[in-house]
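The lines below spell out each chain.
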Amino acid sequence: MLFKLKLKGKDIFPSKITAELAYKKNLVLIIKSNGGRALYVDFISSDSQLGSYKVPPFLEGKLFYYEILEIPEEYSMYIKCIAGEVEKKVFPLFKNKKLSCNNEITVVIENEG
């Protein structure tokens, strides 16, 4: 199966998450520093919500924002694999060890130009 993803999402600070965004599911989060450097890549699956997401302890107290990439519902079962491919593309400072792929899907990431 082939999935194409544009590597440009909505940028938002955690304190600016509105009610509409708080209930979003099936997201890949690129956590970035204020300078734009990718710090960490994580995902929110269909059994969780953006409003209840907690950053890893090593990022608490740091100034950061989220770049939110929405994943269509039909690809929600592959969200770990998609997030893993995003991580390979953006080279974050900290690696997420829970991202894995069983090679059932091929993810093509296009840079937004």
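Before reading on, note that the structure itself is shown above.
Calculation rules
Residues numbered from 1 in each chain as written. Predicted model: local features only at pLDDT ≥ 70, side-chain atom pairs only at ≥ 80, totals over all residues. Heavy atoms only, no water. Helix = DSSP H or I, 4+ residues; strand = E, 2+ residues; numbered from the N terminus. Buried < 20%, exposed > 50% of the residue type's maximum accessible area, 1.4 Å probe, protein only. Contact = heavy atoms within 4.5 Å. Pairing = 2+ DSSP bridges. Axes fitted to C-alpha atoms, helices over the stretch in contact; angles between N-to-C directions. Phe/Tyr/Trp six-rings, centres within 6.5 Å; stacked < 30°, edge-to-face > 60°.

Within the secondary structure, Ser33 sits in strand E3 (residues 27-33). Here Ser33 falls in the buried class, since its relative accessible area comes to 18%. Setting aside anything within four residues of it in sequence, one finds Ser33 in contact with Leu39, Leu63 and Tyr65.

Bringing the sheet that holds strand E4 (residues 38-44) into the picture now. The strand order across the open sheet formed by 4 strands is E2-E5-E3-E4, and the pairing between neighbours is antiparallel. Of all the strands in the sheet, the pair left with one neighbour each is strand E2 (10-12) and E4. On average, adjacent strands in this sheet sit at an angle of 25 degrees to one another, irrespective of strand direction. In this structure, E3 lies alongside strand E5 (residues 64-70), joined through 7 bridges in antiparallel fashion.

Take the packing of aromatic side chains next. Overall, the coordinates contain 5 aromatic pairs when judged by the stated rule. Taken together, a centroid distance of 5.5 Å and an interplanar angle of 80 degrees make the contact between Tyr40 and Phe58 edge-to-face. With Tyr40 in strand E4 and Phe58 in the loop between E4 and E5, the pair connects residues that are 18 residues apart, well separated along the chain. You can call Tyr40 buried: its relative accessible area is 7%. Between Phe58 and Phe94, the ring centres sit 4.7 Å apart and the planes meet at 45 degrees, which makes this aromatic pair tilted. Within this pair, whereas Phe58 is found in the loop between E4 and E5, its partner Phe94 is found in the loop between helix H2 (79-90) and strand E6 (106-110), the two being separated by 36 residues in sequence. We classify Phe58 as partly exposed; its relative accessible area is 37%.

Geometric values such as these leave the question of function open.
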